[in-house]
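A structural walkthrough
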Amino acid sequence: LVPLSGPLAPIGEPIKTGLMLAHEDHKDQAHLQLVFDDHQFSARMALSSLSQHLARDNFAAVVCFGTQPSLALKSEILKRQTPMLSLSALDFAN
């Protein structure tokens with residue numbers, strides 16, 4: 001979940017590209033499918049997107065950019081015990 005449109009798209013697009021390149025480099029070892037969604041740097045959009053994907057997809061982990069979008073996902077992520085990489089300014093361990 002990254003901002004792929006709006007004012008922070010210039011940050012979200014390189015994150016997406018980096019994840020895709022890393023996946024391509026390791027596709028023989030990691031049999032994962034990457035799914036990207038645009039949260040427009042909105043906590044509401046991030047939670048809505050996560051809810052839609054969790055209802056129909058089986059996720060090994062979630063990557064989310066931004067403090068507010070990541071905070072919006074925290075309770076659902078903890079409830080489902082889904083690993084999440086949060087690219088944000090917060091320490092979610094505490």
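The structure this text deals with has already been given above.
Structure report, in brief.

About the cut-offs
- Residues numbered from 1 in each chain as written.
- Predicted model: local features only at pLDDT ≥ 70, side-chain atom pairs only at ≥ 80, totals over all residues.
- Heavy atoms only, no water.
- Helix = DSSP H or I, 4+ residues; strand = E, 2+ residues; numbered from the N terminus.
- Expected span 1.5 Å × (residues − 1).
- Bend = angle between axes of the 7 residues up to and from the residue.
- Buried < 20%, exposed > 50% of the residue type's maximum accessible area, 1.4 Å probe, protein only.
- Contact = heavy atoms within 4.5 Å.
- Polar contact = N/O pair within 3.5 Å; in protein donor to acceptor, adjacent residues only side chain to side chain.
- Phe/Tyr/Trp six-rings, centres within 6.5 Å; stacked < 30°, edge-to-face > 60°.

**Re helix α3 (residues 67-80)**
Helix length check: α3 (14 residues) gives 20 Å between terminal C-alpha atoms against 20 Å at 1.5 Å per residue, within 8%. Maximum bend of α3: about 40 degrees, positioned at Lys74. Of all the residues in α3, the buried ones are Pro69, Ser70, Leu73, Glu76 and Ile77. If you follow the buried residues of α3, they end up packed against α2 (43-56), β1 (62-65) and β2 (84-87).

**Some points on the side chain of Ser86**
Within the secondary structure, Ser86 is located in strand β2. Within the structure, Ser86 has its side chain in polar contact with the side chain of Ser88 (distance 2.9 Å).

**Overview of unusual backbone geometry**
The residue Phe41 is not glycine, and still its phi comes out positive at about 60 degrees. Here Phe41 lies in the loop between α1 (9-25) and α2. Looking at Phe41, the relative accessible area reads 37%, which means it is partly exposed. Phi at Gln81 takes a positive value of approximately 55 degrees, unusual for a residue other than glycine. Tracing the chain through its elements places Gln81 in the loop between α3 and β2.

**A word on the packing of aromatic side chains**
Evaluated as defined, the whole model comprises one aromatic pair. Note on Phe41 and Phe65: the rings are 5.9 Å apart at their centroids and 45 degrees apart in plane angle, and the pair reads as tilted. A residue pair is termed long-range when its members are at least 10 positions apart, and Phe41 in the loop between α1 and α2 and Phe65 in strand β1 qualify at 24 residues. Given a relative accessible area of 16%, Phe65 falls into the buried group.

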